[in-house]
Amino acid sequence: MKLLRLRIVPRLVLVLGVLLSLRQPAHAQESHIGGLTGDARRGKQLYRRYCVGCHGPLGDGRGENAPWIDPKPRNFVAGTFKCRSTPSGDLPSDEDLFKSVTRGFINSNMPSWLTLTYQQRADLVAYVKNFSPRFLEEKPPASVQVPSEPASNQQSIQRGNELYQKMNCWSCHGKEGRGDGPSAQTLVDNRGYPVPPYDFGTGTRFKCGDSNQDLYRILMTGLDGTPMPSFANSLTSAQTWDLVHYLRTLQLNLKHKPPKAGEERRDSSESKAVGEEPERRANRF
Amino acid sequence: MGTKSKYLHIIVVAAFGLSAAPDSSRRNITATKNSSVAKSASGAQADRPGEGVVSGTVRVAGPPVATARVDMAADPACFKMHSGPVMSEEVVTGANGALKNVIVYISDGLGNRSFDAPKEAAVFEQKGCAYSPRVLGMQSRQTLQLINNDPTSHNIHALPHNNREWNIFQPPGSSPTEETFAREEIIPVKCNVHPWMAGYIGVFKHPYFAITGKDGTFDLKNVPPGDYTIEAWHEKYGVLTQRVTLETDQTKTLEFVFKPQGVR
């Protein structure tokens, strides 16, 4: 046999090579956002350049900067993500991750990465997916569809007010939505750090997008890793819109007006909107 | 091929082979000649010949622990549901220090055997602004039914490390929600609306688990013969471990005694 005629070292290398190749190949993740395909290998170089300082080389949120910042950087290994368009407990879609990287998280140390190209951000998304085994085991389910928004009127706001009472929103968010409800001081995130409930008085600091459509989506998906639950099983779409309309009346900053009903939103959940980014989100920290 | 290189080859291939092979069961299940069935002191018996029972009690040593009152004033609907003071159920003891709400389960020794999940759902209810049962045992991939029969809203927030974390809102009068867990784990559950609420769901790959009642007793029935590691978990006192070897048709009795800090 030819194999036996080789010297011992090349023979061993050959045997090892065959055995190694029979093991499960490691999947480098890909991401698909609109027409873009992101590649994890390119994403790795970008991650090392831009992300490792906070999120850590292992993607577990234990980068060098992590002890000094609050809220803490996301632990990608856990596979729990806050801003999604998928039901509570499920993985985000590639586009959810792309939007989070692009938008950044206002009032946190995660900046907007609008400065990177679309391709670079897509590559980063692909690389981030490699950290959690959940992306290999599960497919993200279909995104929650946000129906078109009915007009806001007095009756809708009144119904929303009743829902705010009935659904116990006040127990965390407070009677006037200032984030000072009776349970507010006890809230912690999934890593045990205190996480205050949102103060609706500002109207501008929603971390997962601040249009009415984003608010609707947050009510349907919940914010994983925080105490904010999903109301998908408890509210109809009409009720959810009523609640969104009521929540807008809580904000004191009247200069920021959300887009009117029926107006096309560029960061809606359709993939085709990837090519356009809302420029007013840039440079917001 | 020289002898030395032949052995080298064998070692290399064997190393790969062994690292890839599944754990083989170390037990030999021998057929029983008689059809006698193992019985435990408390009367629990194995249904099938050859299989045994691991039973016993769980106690906590030391003087009785003073329990704190639970203050439900934050939600008037919860407050109204109780006529008297509500005590915390973190530590519930019976006679002679018997400890309630301890999960006793086989943590090792079953090898790679798989068990079908039962068809009936495990039920976890929110009642009187507390979880009922406070500690629930179920199998992985079994359906978990979450019920809210209270006149107030709850959110039910599971906090696993090894499973999907979800957080679902249930207003009063809502129909039950169903969830499931894929992997073994003891999972804390909380309600963010009512911070005093705490519950635990033990998810296991196998059906050999039991939750102690106020008398502190447990019975693991229909356990095949073998060497096992049995663990007893309590939410406050941690985990105790014991090893046990079960022959065919045998009953073994174990006692777990938790020693809180400061108690000898």
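Residues numbered from 1 in each chain as written. Chains lettered and ligands numbered in written order. Predicted model: local features only at pLDDT ≥ 70, side-chain atom pairs only at ≥ 80, totals over all residues.

Remarks on the overall build of chain B
What counts is decided by this rule: Secondary structure elements follow DSSP: runs of H or I no shorter than four residues count as helices, runs of E no shorter than two count as strands, and numbering proceeds from the N terminus. In this description, a residue-residue contact is defined by the distance between C-beta atoms placed from the backbone, which must lie within 7 Å.
Scanning chain B for helices and strands turns up two helices and 18 strands. Restricting the contact set of chain B to residue pairs at least 6 apart, pairs at least 24 apart contribute 64%.

Quick word on the nonpolar core
For clarity, the threshold we go by: Nonpolar cores are identified as sets of buried Ala, Val, Leu, Ile, Met, Phe, Trp, Tyr and Cys residues joined via C-beta atoms within 7 Å. Once C-beta atoms are placed from the backbone, each residue is buried if 20 or more other C-beta atoms lie within 10 Å of its own, exposed if 12 or fewer, and partly exposed for counts between those two.
In terms of nonpolar packing, the biggest core is built from 76 residues, with Leu219(A), Ile103(B), Val104(B) and Leu220(B) touching the most fellow members. With 16 residues, the next largest nonpolar core counts Ile33(A), Ala40(A), Val125(A) and Phe131(A) among its residues.

Some thoughts on helix α10 (residues 212-221) of chain A
All names here are of chain A. Within α10, ten of the ten residues are buried, which leaves it mostly tucked inside the rest of the structure. By the burial criterion, the buried members of α10 are Asn212, Gln213, Asp214, Leu215, Tyr216, Arg217, Ile218, Leu219, Met220 and Thr221. Backbone geometry just downstream of α10 places Gly222 in the positive-phi region, at approximately 65 degrees.

Some points on the interface of chain A and chain B
We apply this condition: Gly is put with the polar residues, along with every residue not named as nonpolar or charged; the nonpolar set is Ala, Val, Leu, Ile, Met, Phe, Trp, Tyr, Cys and Pro, and the charged set is Asp, Glu, Lys and Arg.
Listed per partner, the contact involves 28 residues of chain A and 27 residues of chain B. Those elements giving two or more residues to the side of chain A that touches chain B turn out to be α2 (8-22) and α9 (170-173) of chain A. For the side of chain A that touches chain B, the element with the most residues is α2(A), which contributes five residues. A breakdown of the residues in the side of chain A that touches chain B according to their chemical character gives 13 nonpolar, 13 polar and two charged.

Regarding the domain arrangement of chain A
Residues and elements named next belong to chain A. Filter applied, for reference: Start and end points for every domain follow an automatic or database-based domain assignment.
Looking at the assigned domains, one finds that chain A contains domain 1 (30-137) and domain 2 (154-264). Distance from the C-alpha centre of domain 1 to the C-alpha centre of domain 2: 25 Å. Considered class by class, the residues forming the side of domain 1 that touches domain 2 number six nonpolar, six polar and four charged.

Side note on helix α8 (residues 154-166) of chain A
For clarity, the threshold we go by: Expected helix span is computed as 1.5 Å times (number of residues minus one).
With 13 residues, α8(A) ought to run about 18 Å at 1.5 Å a step, and its terminal C-alpha atoms sit 18 Å apart, in line with that. Just downstream of α8(A) lies Asn168(A), where phi reads positive at about 65 degrees.

Section: the sheet that holds strand β7 (residues 135-139) of chain B
Residues and elements named next belong to chain B. Put simply, the rule reads: Here, any two strands with at least 2 DSSP bridges between them count as paired. Axis lines are fitted through C-alpha atoms, for helices just across the contact stretch, and the angle between N-to-C directions can take any value from 0 to 180 degrees.
Ordered in space as β7-β13-β12-β9-β10, the five strands form an open sheet in which the pairing is mixed. Looking along the sheet, the strands with just one partner apiece sit at the ends: β7 and β10 (167-170). Taking each pair of neighbouring strands and ignoring which way they run, the sheet shows an average axis angle of 25 degrees. Looking at chain direction, strand β9 (residues 154-158) and strand β12 (residues 185-190) are connected through two bridges and run antiparallel. Paired with Ala158 across the strands is Val189, a residue of β12.

Some points on the confidence of the model for chain B
Parts of the prediction with low pLDDT should not have their coordinates interpreted in detail. All names here are of chain B. To keep it simple, the criterion reads: The predictor attaches a confidence to each residue, and that confidence, scored 0 to 100, is pLDDT.
Of all residues in chain B, 83% have pLDDT values of 70 or greater, and the mean over the chain is 85. Per-residue pLDDT stays below 50 along residues 20-37; that stretch engages in 19 contacts with residues further than four places along the chain or on separate chains. Among the prediction metrics, the complex's ipTM stands at 0.72, with pTM recorded as 0.77.

Comments concerning the domain arrangement of chain B
Residue and element names in this part refer to chain B. Domain parsing of chain B yields domain 1 (39-112 + 209-264) and domain 2 (114-205). Placing a centre on the C-alpha atoms of domain 1 and another on those of domain 2 gives a separation of 20 Å. Facing 15 residues of domain 1, the contacting portion of domain 2 comprises 13 residues. Those elements that provide at least two residues to the side of domain 1 that touches domain 2 are α2 (76-80), β4 (103-108) and β14 (209-211). For the side of domain 1 that touches domain 2, the class distribution of residues is ten nonpolar, two polar and three charged.

Digging into the packing of α8(A) against helix α11 (residues 237-249) of chain A
Residues and elements named next belong to chain A. This is how it is decided: Here roughly perpendicular refers to angles of 65 to 115 degrees, roughly parallel to angles under 35, roughly antiparallel to angles over 145, and oblique to all remaining angles.
It is the contact of α8 with α11, at a shortest axis distance of 7 Å, that shows an interaxial angle of 95 degrees. One way to sum up the angle between α8 and α11 is to call them roughly perpendicular. Contacts between α8 and α11 involve Ser156, Ile157, Arg159, Gly160, Asn161, Leu163 and Tyr164 on the former and, on the latter, Gln239, Trp241, Asp242, Leu243, His245, Tyr246 and Thr249. Residues of the contact of α8 with α11, tallied by class, amount to six nonpolar, six polar and two charged.

Here we look at unusual backbone geometry
Cis peptide bonds are those with omega within 30 degrees of zero, and the linkage from Asp70(A) to Pro71(A) qualifies with 0 degrees. With respect to the secondary-structure elements, Pro71(A) resides in the loop between α4 (52-55) and α5 (94-103). Cis geometry is found at the peptide bond from Ser132(B) to Pro133(B), where omega equals 0 degrees. Looking at where Pro133(B) falls in the secondary structure, it is placed in the loop between β6 (130-132) and β7. The backbone of Asn96(B) sits at a positive phi, close to 60 degrees, despite the residue not being glycine. One can find Asn96(B) in the loop between β3 (86-87) and β4.

Re the sheet that holds strand β5 (residues 122-127) of chain B
In sheet architecture, strand pairing relies on hydrogen bonds along the backbone and comes in two forms, parallel and antiparallel. Residues and elements named next belong to chain B. Across the sheet, four strands lie side by side as β6-β5-β8-β11; this open sheet has mixed pairing. Each of the sheet's edge strands pairs with one partner strand only, and the pair in question is β6 and β11 (177-180). The average undirected angle you get between the axes of adjacent strands in this sheet is 25 degrees. Strand direction decides the pairing type here: β5 and strand β8 (residues 143-148), joined by five bridges, are parallel. Looking at β8, one finds that Val123 is bridged to Gln145.

Focus: the pairing of strand β16 (residues 226-234) of chain B
Every other side chain in a regular strand lies on the same face of the sheet, so the side chains alternate between the two faces. Residues and elements named next belong to chain B. Bridge count for β4 against β16 is five bridges, and the pairing is antiparallel. Note on β16: the bridge partner recorded for Val104 is Ala232. When β16 meets strand β17 (residues 238-246), the two strands line up antiparallel, connected through nine bridges. When the sheet's bridge partners are listed, Ile230 is paired in β17 with Gln242. Taking the residues between adjacent antiparallel strands as the criterion, β16 and β17 are bridged by three residues.

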